[in-house]
Amino acid sequence: MARRLNPWRWVILGLAALYFLVPLAASVIFTVDVPGQGVTFDAYSQIVSTDGFTSSLLLSLELAGATIAIVLLLMVPAMVALRLAAPRLRPVVEVVCSLPLVVPPIAFVAGIATVLKWGPEYLSRTPLFKTFVAVQNPGFPFVLVLAYVVMALPFVYRALDSGLRAIDVRTLVEAARSCGANWPQALVRTVLPNLRGALLNASFLTLALVLGEFTVAQLLGFQPFAVWIYSVGGSQAQLSVAVSVLSLLVTWALLLALAGVGGRTRTSSSRG
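A. Broad picture of the overall build of the protein. The secondary structure content of the protein amounts to 13 helices and two strands. Reported as C-alpha extents along the three principal axes, the dimensions of the protein are approximately 75 × 75 × 30 Å. Across the 272 residues in the protein, those meeting the buried criterion constitute 35%. Residue pairs at least 24 apart in sequence account for 76% of intrachain contacts in the protein once pairs closer than 6 positions are excluded. Summed over its atoms, the accessible surface of the protein is roughly 16600 Å², and 68% of this surface lies on carbon and sulfur atoms.

B. Representation of the packing of helix α3 (residues 53-85) against helix α9 (residues 183-194). Two numbers describe how α3 lies on α9: the axes approach to 12 Å, and their chain directions differ by 95 degrees. If you check the angle between α3 and α9, you find them roughly perpendicular. Residues Val76, Pro77, Val80 and Leu84 of α3 touch α9, and the partners they reach there are Trp183, Leu187, Val191 and Leu192. Looking at the contact of α3 with α9 residue by residue, the classes come out as eight nonpolar, no polar and no charged.

C. Focus on helix α7 (residues 142-165). For α7, which comprises 24 residues, the first-to-last C-alpha distance of 33 Å matches the rise-based estimate of 34 Å (1.5 Å per residue) to within 8%. A maximum bend of about 45 degrees is found in α7 at Leu153, where proline Pro154 lies one to four positions downstream. Summarising burial for α7: 17 of the 24 residues are buried, a large majority.

D. View of the environment of Leu255. Position of Leu255 relative to the elements: it lies in helix α13 (residues 237-271). Using a relative accessible area of 42% as the deciding quantity, one classes Leu255 as partly exposed. Through-space distance from the C-alpha of Leu255 to that of Leu205 is 9.3 Å; in sequence the pair is 50 residues apart.

E. Representation of the nonpolar core. Ranked by internal contacts, the top residues of the largest apolar core, which has 53 residues, are Leu72, Met75, Leu144, Val156, Leu160, Val169 and Leu220. Broken down by element, the residue count for this core peaks at 14 residues, all from α7. Once residues lying within four places of it in the same chain are set aside, the contact partners of Leu144 are Leu63, Val216, Ala217, Leu220 and Phe222. Formed by 14 residues, the second largest nonpolar core is a distinct cluster that contains Tyr44, Ile47, Phe53 and Ala242.

F. The arrangement of the packing of aromatic side chains in detail. Evaluated as defined, the whole model comprises five aromatic pairs. With a centroid separation of 6.0 Å and 15 degrees between ring planes, the pair formed by Phe225 and Trp228 is classed as stacked. Residue Phe225 and its partner Trp228 are both found in helix α12 (residues 225-233); the two are separated by three residues, about one turn of the helix. Accessibility classification places Phe225 together with Trp228 in one group, the buried group. Following the ring pairs from residue to residue traces out a cluster consisting of Phe53, Phe225 and Trp228.

G. How the structure looks around the side chain of Ser56. Position of Ser56 among the secondary structure elements: in helix α3. Apart from the residues within four sequence positions on either side, Ser56 is in contact with Gln223, Pro224, Phe225 and Trp228.

H. Here's a closer look at a nonpolar patch on the surface. Side chains of Tyr19, Phe20, Leu21, Leu246, Leu248, Leu249 and Trp252 sit close together on the surface and give an oily, nonpolar patch of about 680 Å² of accessible area. Put simply, the parts of the chain that give the nonpolar patch at least two residues each are α1 (2-32) and α13. The element that contributes the greatest number of residues to the nonpolar patch is α13, accounting for four residues. Topologically, Phe20 is positioned in helix α1.

I. Quick peek at the environment of Tyr44. Residue position: Tyr44 is located in helix α2 (residues 42-45). In contact with Tyr44, not counting residues within four places along its chain, are Val28, Thr31, Val32, Ala242, Val245 and Leu246.

J. Up close: the confidence of the model for the protein. Counting all residues, the mean pLDDT for the protein is 83, and 92% of those residues have values of 70 or more. Per-element confidence in the protein is highest for α7, whose mean pLDDT is 92, and lowest for α13, whose mean pLDDT is 70.

K. Up close: helix α5 (residues 105-122). The end-to-end C-alpha distance of α5 is 26 Å, a good match for the 26 Å that 18 residues give at a rise of 1.5 Å each. If you check which residues of α5 are buried, you get Val109, Ile112, Leu116 and Gly119. All buried residues of α5 lie within an arc of 80 degrees about the axis, which places them on one face of the element. Across α5 from its buried face, at more than 90 degrees, point the exposed residues Ile106, Thr114, Lys117, Glu121 and Tyr122. Next to the buried residues of α5 lie α6 (128-134), α7 and α11 (215-220).

Parameters at a glance
Residues numbered from 1 in each chain as written. Predicted model: local features only at pLDDT ≥ 70, side-chain atom pairs only at ≥ 80, totals over all residues. Heavy atoms only, no water. Helix = DSSP H or I, 4+ residues; strand = E, 2+ residues; numbered from the N terminus. Buried < 20%, exposed > 50% of the residue type's maximum accessible area, 1.4 Å probe, protein only. Contact = heavy atoms within 4.5 Å. Areas by Shrake-Rupley, 256 points an atom, 1.4 Å probe, with all protein chains shown as cover. Axes fitted to C-alpha atoms, helices over the stretch in contact; angles between N-to-C directions. Parallel < 35°, antiparallel > 145°, perpendicular 65-115°, else oblique. Nonpolar A, V, L, I, M, F, W, Y, C, P; charged D, E, K, R; others polar. Expected span 1.5 Å × (residues − 1). Bend = angle between axes of the 7 residues up to and from the residue. Core = buried A, V, L, I, M, F, W, Y, C linked by side-chain atoms within 4.5 Å. Phe/Tyr/Trp six-rings, centres within 6.5 Å; stacked < 30°, edge-to-face > 60°. Patch = residues over 30% accessible without salt bridge, like charges linked within 9 Å, V, L, I, M, F, W, Y side chains within 5 Å. Salt bridge = Lys/Arg side-chain N within 4 Å of Asp/Glu carboxyl O. pLDDT = per-residue confidence, 0-100. Arc of directions from axis to C-beta.

Take a look at the structure:
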């Protein structure tokens, strides 16, 4: 049976490779083949010097860092507490964390925009008015961080849930508590080192989400990296595609690095 399935496996892998590599190859050819000039790499050499590239990329990285920190600070203690104290609530938490996959991004951002418009009208004479203004600061729009935290919940939940299923959390916590550690110390010193792979997976998925998210940022009027690529594409198509190709390659490199780190972690833990 295994020998019969092996050729089909290679056929499926080949079709999947064609599905992903052919559009990528076409994009690369489009960026380097200039009619009348031949092959040139000017589109790639102009990326760094293009107006708005550095600022938009740094903004996206800052948003990604803040999103990763907040979503992990929220989800890791909640998932550990759920597994130790309230396992019956796991289906409820799973449904709540999966809701961002059901709600369309257009409806989600429409709700955010309605709240942001409603706040100054009714809270202009209260201290909360400054809060509504601060979260919409173009230099660092914290409202995007809040939106990305909600959008990242399904991916972070799945990554952490699979990591917690692979370890005996209760035994680790009880052993740490019996040695005199308090709850935060037990979480940091015993649980988190065993969740390194799950934390890396959750962080990478969140990073990819923030770097590629377009709808929420565009409709709210901010310009992180994905919106900048779209705005550049209107006047410089080759440059826009070149940036997209580079961002895709960087994402793949991060994925391979993550897989390598996770493999070394599993190898070291199995040896231990």
